[in-house]
Every structure is written in structure tokens, then in C-alpha cells.
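Each chain, written out:
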Amino acid sequence: MNVPMPIVRFAPSPTGHLHIGGVRTALFNYLFAKNQKGKLILRIEDTDISRSSQKMAEEILTGLQWLGIQWDKGPIYQSDHFARYKEIALQLLEQNKAYRCFCTPEEIDTRRKITGTKDKTQQVYKYDRQCLQLSPGQIKEKLEQKIPHVIRFLILNGTTYFKDRLHKDMKVDNDQLEDFVILKSDNSPTYHLSVVVDDSDMAITDVIRGDDHISNTFKQVLLFRALEKKPPKYAHLPLILGPDRKKLSKRHGETSVMEFKRKGYLPDAIITYLSQLSWLPADSKKIFSIKELVNQFKLSKVSKNSPVFDYEKLHFLNSRAIQQRSANDLLHLLQENDDFTGKYSIFPGQKQLALIELVKPRMKTLNQFEPKFDIYLTGKLNYNNPDLQKLKENYSTPEIIKHLQLLLVHLGNIDISDFNSTMVEQALRECADKNRLKAGDLIHPARFALTSETVSPSIFDVIAFLGKQETCKRINRCIGFLQHGQRENPGNERE
């Protein structure tokens, strides 16, 4: 038997930035479609004209493209199909599956308050169907008076069921549901109507979305049946939680996809990490390409339990992704920022590439490269910082000065043509042995003198990268700072 090609859709609303939870939904739709040789449709649900923004829609497209999530059709804008939604609403009205409601929001709210006062057991107010009792003559009269009204879907008695691929059998008694609005007074559709019409017209076979839509699904299933259409198969993904186990939001950190890009995350790290939220590829520490994820993805393996967004795990994976990139690739990514390019264009490309190779093992985001460029290329050192106090926990100021002076002598004896990490290490260790010091007694002060930090790549590689002249200049600068007890840093500018 031929299995029909699956057609899925990712349907964001352009009323705000593309949330990382939405990106996971887009990713799982993409992985499912491609694994099953199906298609992904991108649909922009912009029926809320007052809140929707073309700028946000464009940001959604940019974010998906940056991550490598490619759609097969679209973007399709719902705002282009208002006439179609109205046509279906009127069809349901003609078939007595919907009715006109002339009640104002204020009138409904007043009745809600009265009902709540009388019946304390009623938790949620349902529309009382007052307008369902109107006669054809009364309706005609109100229409002639041009009284604003909406169209409500009529929910019949019974029980509504649907199967969910993650949550299994789902059901609700229809008396728990309200006769919901499908067409507003301005003739714009509500979410339920536009979604059902589009899913039907686009022949969507599978809907994969967040489980905050489960309650909506019952209403949409009823609409499908009223239109005598077969509902798609549903899979509701668990919501992503913050570390406090509440819904992930800006209070936890970055949440929009472009925010992650601006903070220096790589798309392959984000894609890899999102794939681990409710699903887990073969190796949780490996950076996967989208193609590899497509080959492994199984919707049946997705968990219904809400995952917690772990920023530290994302940092780890982003660091791994950076290590896998070539220095040339990383430089191109950094140069996408015009300010970065302008700031460091005076330095030779090979010098920049060498610096990236030197520091990238310690980088967790792209944004961490620029401070290193300032330290290693421009020589912007800040000796009067907390790292100096860390150094002084093990060495007194006179000891630091003495050790730096001793090292200067031995580095000065290396011919500039032989000034490489091997020769530097040899000179440093000879200096330590000759003066009955540990190698660390020279390494720690040297590291601080050269970088104004207590953590760096191998000190021998740092010295070799800076070269003999720059190394000696920085050590002398630090000695001068320590000798004179200056509050300001001498010679921060590059000479």
C-alpha cells in the first residue's frame, strides 16, 4: 500500500520575535518531513493585523534561513486569504453549524459576572447562547440596523476525541467547550477558523506543534468534522522550561533566535541542542549537521515530558562547534560585523587567523573573540583588575617584579629568528632551574604581564604569537606598573 507523502507546516505568528521554542517546533517539523520524504510549508499566521509586523515576519524568515531550516513552499500569508475564511464561515452559517452573535463584549462580561455571583461552582464562564434564540426576523432586523456581530460555531452535545502521537488518546466532553467565534465583526477570521481552512486547503497530513495547543485541537477537530474534512494527525510537543521549571522566557536569558545569533552562537550548535530537547540523537556531545539529524529522526522517539533549557549545555555545544570550524571560517563569521572588520583591518589576515587558532579552544561564543583581539592584537591591557589580586595570593609584588626581570633576561638571549614556542619554553625552564624556581613562578607572572589575565592559552604559544619585541615591551610595561604602583595603565595604546 502506498503511504501518502507527509505534508507539514510551520506556522509562526509575526507578532513578536521568533522564540527558541518555536524554532524547535520548526526543526522537528523539518526533520520529520525530510525523514519521511515529505514537504514543509511555511505559513505566516498574520490574521491579527493590528499586532502583526512585516519586520517580524522577515526576521522569522531570516532566522530559519540562518539555522538551515528550509521550507518547500511559502511563505504563505494568511492575510492574503480573508475572503476564503469568510466564505467558509458563511458556509457553516448557511448549514446551521454556526450562528450570528450580536452580543457586545461588555454585555457578555456583565452576564459573566452575574452568573459567577449566582453559581460559585462554575469555574469558567461559557457564552450563554443568547443569540442562538433569535428568530430569523430578529436577525434580519439587526442586520438591517447594521449592528456589529460575530459568527459563532455551534458545538453539539457529545464527546470529541483525537489521537495524539505523544499524549495518546485525548478527549473532552463537548459541554466543556464554548460556542467559539470563527469570524470577527470586522470579517477577519479567528485562529481556529483560519488554521482549519488552511490545513484543509494545503492538504496538511501532520500537525506538529506545542502542547499549549491541545485545548485548541478539540475545537479544530470539531470544525474539520463540520466541514466534512479529515483532520490531520497531531503531535503536541512539550513546552520548553527554564531552569526554575517555569515556561522559558526572557527572564531566563536569551530566547529569540536572532538574539542567540547576536550573542555569538553558531547555528549548528543551536540545531544540535534543540534536537536534544525532548529527543536525543545518538551522541549528546556531538555537533550534528541537519542532514545527520534528518537521517536519525523518529517522531515516535520524542518524549512528552517538558525539557529544561540548559544554557551551560548550549555553551558547551557552541564551544564544540567553534572547535570544529576552521580559523578561516571563524574569521569570515566575525567579519560579518562591519565594526569588527573596520577595527582590526589594520592587522594582516594571517595574524588574525593565527590568533583565532591560538584562542579558539577556550571560546564558548563568537563574541568572546573580540576581547581577545583587543588583548593580543591591539595590546589593550588592564593590569589594575581582580586578576592582579589573584596573582598576589601566591606572589608578593617584589617577587612578581623579580621573576619578570629574570625572564626578560633569558628571553632576550633568544635570537629573533629562533623565537618560537619550543625555544621560549626552553629558555623559561632554564631560567627557573638556574634561579631555583618552579616553572609556574615565571609562567603565572608572565601570563598576567602579557594578557592582564590569569588564564590564557599555553604561555609559550602566547609568547611566540606576540613575538620577541612585543613580549619584552609588555613585560617591561607590567614591571613599570608594579614598580610605580600606578592606578592607571601605562601605554595602553599600541606603539
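Look up: the structure comes first, before these words.
Quick caveat: nothing in here was measured; it's all calculated off a predicted structure. (Residues numbered from 1 in each chain as written. Predicted model: local features only at pLDDT ≥ 70, side-chain atom pairs only at ≥ 80, totals over all residues. Heavy atoms only, no water.)

## Examining the packing of helix 12 (residues 327–334) against helix 14 (residues 349–359)
Here is the rule: Note on method: axes are straight lines fitted to C-alpha atoms, helices fitted across the in-contact stretch only, with angles between N-to-C directions ranging 0 to 180 degrees. Put simply, DSSP marks the helices as runs of H or I at least four residues long and the strands as runs of E at least two long, and each gets a number from the N terminus on. An angle counts as roughly parallel when it lies under 35 degrees, as roughly antiparallel when it exceeds 145, as roughly perpendicular when it falls between 65 and 115, and as oblique in every other case. Residues are treated as being in contact if the distance between any of their heavy atoms lies within 4.5 Å. In this count, Pro and Cys sit with the nonpolar residues alongside Ala, Val, Leu, Ile, Met, Phe, Trp and Tyr, while Asp, Glu, Lys and Arg are called charged and the others, Gly among them, polar.
The geometry of helix 12 relative to helix 14 is characterised by a closest axis approach of 9 Å and an angle of 105 degrees between their N-to-C directions. Judged by the inter-axis angle, helix 12 sits roughly perpendicular to helix 14. Contact residues: Ala327, Asn328, Leu330, Leu331 and Leu334 in helix 12; Gly349, Gln352, Leu353, Ile356 and Glu357 in helix 14. When grouped by side-chain class, the residues that make up the contact of helix 12 with helix 14 number six nonpolar, three polar and one charged.

## Regarding unusual backbone geometry
For residues besides glycine, phi is generally negative; the peptide bonds are generally trans as well. The test is simple: Burial classes: relative accessible area under 20% of the type maximum marks a residue as buried, over 50% as exposed, and values in between as partly exposed (1.4 Å probe, protein chains only).
Here the amide bond leading from glycine 74 into proline 75 is cis, since omega sits at 5 degrees, within 30 degrees of zero. Within the secondary structure, proline 75 sits in strand 3 (residues 73–77). One non-glycine residue, arginine 129, adopts positive backbone phi at about 65 degrees. Topologically, arginine 129 is positioned in the loop between helix 4 (105–118) and helix 5 (136–144). Residue arginine 129 is classed as partly exposed on the basis of its relative accessible area, which comes to 28%. With a phi close to 65 degrees, arginine 245 is a non-glycine residue in the positive phi region. Examined against the element boundaries, arginine 245 turns out to sit in the loop between strand 10 (233–237) and helix 8 (257–262).

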